[in-house]
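The primary structure of each chain is shown beneath.
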Amino acid sequence: MAKESKKMKSEGLPSFTIPGMTLEQGAEVAALLQDRLNALTDLHLTLKHVHWNVVGPNFVSVHEMLDPQVDAVREMADTTAERISTLGLSPIGTPGALVADRSWNDYSIGRAGAIEHLGALDLVYVGVIEDYRRDIAATEELDPVTQDMLIGQSSQLEQFHWFVRAHLETSGGALSTAGASSEVEARGQARAGVKRKTA
């Protein structure tokens, strides 16, 4: 189960939820979705940060690739927030609550080359998609409507991840970021991968 929002927990059970679900089930799904809302809000801000800070030979292509991702992720956040409201609880979209409730650190890279940012974004997308898949499994019996929404969003996120990874992949199918455990490490591996290709 996702980390429960402190602010949402203080609200307790909703006074109503979706017909066919108990108040407890509605609250459980809403808490799970609040974690997805936090991740989506963080992701669209991170993507915009990269859009503003990417430099180098691939600047234009990466800069322009990211804006449609930002727009789509913002739309996912809106849909997720509306589902929380439908379940009878208040979606929380304030920056302070997001920072207090998230289980990940801020994106750590400022101005950097396109491949370096894409290396770091590879790890960002891995974390988001892994959490989506966990929540898809958790909602299978609990709320198939929410599960359907999460599956659709995950499909788009996985496609965006593929766009990122296509820049990091060799013709043999190896990823330059394979095995990286931090954004900084992935950034360095992506940069080294480019140097190996051009050497």
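Residues numbered from 1 in each chain as written. Predicted model: local features only at pLDDT ≥ 70, side-chain atom pairs only at ≥ 80, totals over all residues. Heavy atoms only, no water.

## Describing the overall build of the chain
Then step 1. In terms of regular secondary structure, the chain is built from seven helices and two strands.
Then step 2. In sequence order, the secondary structure elements of the chain are arranged as α-α-β-α-α-β-α-α-α.
Then step 3. Dimensions of the chain, computed from the C-alpha atoms along their principal axes, are close to 65 × 35 × 25 Å.
Then step 4. Total accessible area on the chain is roughly 9800 Å²; 54% of this is exposed by carbon and sulfur atoms.
Then step 5. Computing the positive centroid from 18 side-chain charges and the negative centroid from 27, the chain places the two 9 Å apart. (Helix = DSSP H or I, 4+ residues; strand = E, 2+ residues; numbered from the N terminus. Areas by Shrake-Rupley, 256 points an atom, 1.4 Å probe, with all protein chains shown as cover. Lys, Arg positive; Asp, Glu negative; His and termini not counted. Charge placed at Lys NZ, Arg CZ, Asp CG, Glu CD.)

## Let's talk about the nonpolar core
Then step 1. Among the nonpolar cores identified, the biggest contains 47 residues, and Leu33, Leu43, Leu47, Leu118, Leu121, Tyr125 and Leu157 are the most heavily contacted of them.
Then step 2. Of all the elements, helix H5 (residues 114-138) adds the most residues to this core, at 11 residues.
Then step 3. The contacts of Tyr125, once residues within four sequence positions are left out, are Leu43, Leu47, Gln69, Leu157, Phe160, His161 and Val164. (Core = buried A, V, L, I, M, F, W, Y, C linked by side-chain atoms within 4.5 Å. Buried < 20%, exposed > 50% of the residue type's maximum accessible area, 1.4 Å probe, protein only. Contact = heavy atoms within 4.5 Å.)

## Focus: the packing of aromatic side chains
Then step 1. What the rule picks out here adds up to two aromatic pairs.
Then step 2. With a centroid separation of 6.4 Å and 45° between ring planes, the pair formed by Phe160 and Phe163 is classed as tilted. Separated by three residues within a single helix, Phe160 and Phe163 lie in helix H6 (residues 144-166), roughly one turn from each other.
Then step 3. When its relative accessible area of 7% is taken as the criterion, Phe160 is described as buried.
Then step 4. For Phe163, a relative accessible area of 28% puts it in the partly exposed group.
Then step 5. Seen in terms of ring centroids, Trp162 and Phe163 are 5.4 Å apart; in terms of plane orientation they differ by 45°. Their pairing is tilted.
Then step 6. Every member of this aromatic cluster is reached through a ring pair, and the members are Phe160, Trp162 and Phe163. (Phe/Tyr/Trp six-rings, centres within 6.5 Å; stacked < 30°, edge-to-face > 60°.)

## Focus on the layout of surface pockets
Then step 1. Volume-wise, the largest pocket comes out at about 360 Å³.
Then step 2. In terms of lining, the largest pocket is formed by 18 residues, of which the most central are Trp104, Asn105, Leu123, Val124 and Glu183.
Then step 3. Elements that contribute at least two residues to the lining of the largest pocket include exactly helix H2 (23-53) and H5.
Then step 4. The computed volume of the second largest pocket comes to approximately 210 Å³.
Then step 5. Of all the elements in the fold, those that place two or more residues in the lining of the second largest pocket are H2 and helix H4 (95-101).
Then step 6. Sort the elements by how many residues they give to the lining of the second largest pocket and H2 lands first, with five residues.
Then step 7. Taken together, the residues that form the lining of the second largest pocket break down as five nonpolar, five polar and three charged. (1 Å grid on protein atoms, 1.4 Å probe; cavity = no way out; pocket = protein on both sides within 12 Å on 5 of 7 lines; lining within 4 Å. Points joined across faces, edges and corners; volume = space filled by probe spheres on them. Nonpolar A, V, L, I, M, F, W, Y, C, P; charged D, E, K, R; others polar.)

## Some points on H2
Then step 1. For H2, which comprises 31 residues, the first-to-last C-alpha distance of 45 Å matches the rise-based estimate of 45 Å (1.5 Å per residue) to within 8%.
Then step 2. Within H2, 24 of the 31 residues are buried, which leaves it mostly tucked inside the rest of the structure. (Expected span 1.5 Å × (residues − 1).)

## Some thoughts on the side chain of Gln147
Then step 1. For Gln147, the location among the structural elements is in helix H6.
Then step 2. Overall, the relative accessible area of 14% leaves Gln147 in the buried class.
Then step 3. In contact with Gln147, other than residues within four places in its own chain, are Ile136, Thr139 and Glu140.

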